[in-house]
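Architecture at a glance
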Amino acid sequence: QRHFGGLTSGSERLKGALHVILGTNADVSRDRWKGHFREDLWYRMSAVRLDLPSLAARGVEAVYRYLAQMLEAEGAPTPEAIFETQALHRATHWSWPGNLRQLHTFAVRSAQLHPSIGRAIAMRDLPRLGIDEDPRRAHEFGRDRAGEPR
């Protein structure tokens, strides 16, 4: 263990405990076994581990609750009032690779777009809000692989 010498603030030296919190979406444990991550650093940073599931892995109900809370924080109506049924289904079943940050951006954009278009947000509006069509997953949302409605 190394000791932290403290910080200097003007002419006064500050001492105290230093705790570092690290976060990553990489599997560092696997990477260390492959030789892509230094093993000594792994032991230093893994004293206390907290594995959190991705937003998509938390389930549709969790995504809906987060979305509703975020819209409410923006002063927007409920998700059912803002989105057409199919668009809300897509939003709650989306993979959200950016996790809560991406969902928050989506909620803010939705809260701003809804009053400006004067109607419920439809499937065609979702790319403007950050949910782009992924042809590999289009079949999951009532579209064929070419992206055309079934």
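Structure shown above.
Residue indices begin from 1 for each chain and proceed along its sequence in written order. Reporting of local features is limited, given that this is a predicted model, to residues whose pLDDT is at least 70; pairs of side-chain atoms are given and counted only at 80 or more, and all residues count toward the totals for whole chains, interfaces and linings. Heavy atoms from the whole structure form the basis of all side-chain values; hydrogens and water molecules are not counted.

1. Regarding the overall build of the chain
Secondary structure is summarised from DSSP: a helix means a run of H or I of at least four residues, a strand means a run of E of at least two, and numbering begins at the N terminus for each. When helices and strands are counted, the chain shows 7 helices and 2 strands. Along the chain, from the amino end to the carboxyl end, the secondary structure elements read β-β-α-α-α-α-α-α-α. Type-normalised accessible area, obtained with a 1.4 Å probe on protein chains alone, sets the label of each residue: buried when under 20%, exposed when over 50%, and partly exposed for intermediate values. The 150 residues of the chain split such that 30% are buried. Should any heavy atoms of two residues lie within 4.5 Å, those residues are counted as being in contact. The long-range fraction of contacts in the chain, counting pairs at least 24 apart against all pairs at least 6 apart in sequence, stands at 48%. Residue-level accessible areas treat just the shown protein chains as cover; the underlying method is Shrake-Rupley with a 1.4 Å probe. Accessible surface computed for the chain: about 10800 Å², of which carbon and sulfur atoms make up 52%.

2. Some details on the environment of Ala56
Mapped onto the elements of the fold, Ala56 is located in the loop between α2 (39–45) and α3 (60–73). On the basis of relative accessibility, which here comes to 36%, the residue Ala56 falls in the partly exposed class. On a C-alpha basis, the gap between Ala56 and Leu100 in space is 9.9 Å, while along the polypeptide they are 44 residues apart. With sequence-adjacent residues up to four places away left out, Ala56 is seen in contact with Trp94 and Ser95.

3. Concerning the nonpolar core
Within the largest apolar cluster, 23 residues are counted, with the highest numbers of intra-cluster contacts made by Leu67, Leu71, Phe83, Trp96, Leu103, Phe106 and Leu126. The element contributing the most residues to this core is helix α6 (residues 99–117), with 5 residues. The residues contacting Phe83, other than those within four sequence positions of it, are Leu67, Leu71, Leu88, Phe106, Ser110, Ala120 and Ile121. Nine residue types can take part in a nonpolar core, namely buried Ala, Val, Leu, Ile, Met, Phe, Trp, Tyr and Cys, and a core is a set of them joined through side-chain atoms within 4.5 Å.

4. Observations concerning the packing of α3 against helix α5 (residues 85–93)
Lines are fitted to the C-alpha atoms to define the axes, a helix being fitted only along its stretch in contact, and any angle between axes, read from their N-to-C directions, falls within 0 to 180 degrees. Closest axis-to-axis distance for the α3/α5 pair is 8 Å, and the angle between their directions is 110 degrees. With respect to α5, the element α3 is oriented roughly perpendicular. Across the interface between the two elements, Val60, Val63, Tyr64 and Leu67 of α3 pack against Leu88, Ala91, Thr92 and His93 of α5. Residues of the contact of α3 with α5, tallied by class, amount to 6 nonpolar, 2 polar and no charged. By the definition adopted for this analysis, an angle is roughly parallel if under 35 degrees, roughly antiparallel if over 145, roughly perpendicular if from 65 to 115, and oblique otherwise. For this scheme, ten residues count as nonpolar: Ala, Val, Leu, Ile, Met, Phe, Trp, Tyr, Cys and Pro. Four count as charged, namely Asp, Glu, Lys and Arg, and the remainder, Gly too, count as polar.

5. Looking at the packing of aromatic side chains
The rule is short: rings of Phe, Tyr and Trp, with Trp giving its six-membered ring, pair when the centres are within 6.5 Å, and they are stacked under 30 degrees, edge-to-face over 60, tilted in between. All told, the structure shown has 2 aromatic pairs when counted by the stated rule. Arranged with centres 5.7 Å apart and planes meeting at 5 degrees, the rings of Phe83 and Phe106 form a pair that is stacked. Placement of the pair is Phe83 in the loop between α4 (79–82) and α5 and Phe106 in helix α6, with a sequence separation of 23 residues. Under the relative-accessibility criterion, Phe83 is labelled buried at 3%.

6. As for the pattern of salt bridges
In what follows, salt bridge is the name for a side-chain nitrogen of Lys or Arg lying within 4 Å of a carboxyl oxygen of Asp or Glu. In total, this model carries 6 salt bridges according to the counting rule given. Residues Asp27 and Arg30 are paired through a salt bridge, measuring 3.9 Å at the closest nitrogen-oxygen approach. One salt bridge in this structure joins Asp125 and Arg119, with 2.7 Å as the shortest N-O distance. Overlapping salt bridges bring together Asp27, Arg30 and Asp31 as one network.

7. Considering α5
Of all the residues in α5, the buried ones are Ala87, Leu88, Arg90, Ala91 and Thr92. Where the residues of α5 are buried, they touch α3, α4, α6 and α7 (126–129).

8. Remarks on unusual backbone geometry
Across the chain, the bulk of peptide bonds are trans and the bulk of non-glycine residues have phi less than zero. Positioned with a positive phi, Trp96 is a non-glycine residue whose angle comes to about 45 degrees. By the element assignment, Trp96 lies in the loop between α5 and α6. With a phi close to 55 degrees, Asn99 is a non-glycine residue in the positive phi region. Positionally, Asn99 belongs in helix α6. Residue Asn99 is classed as partly exposed on the basis of its relative accessible area of 30%.

Shape is all these values report; function is a separate question.
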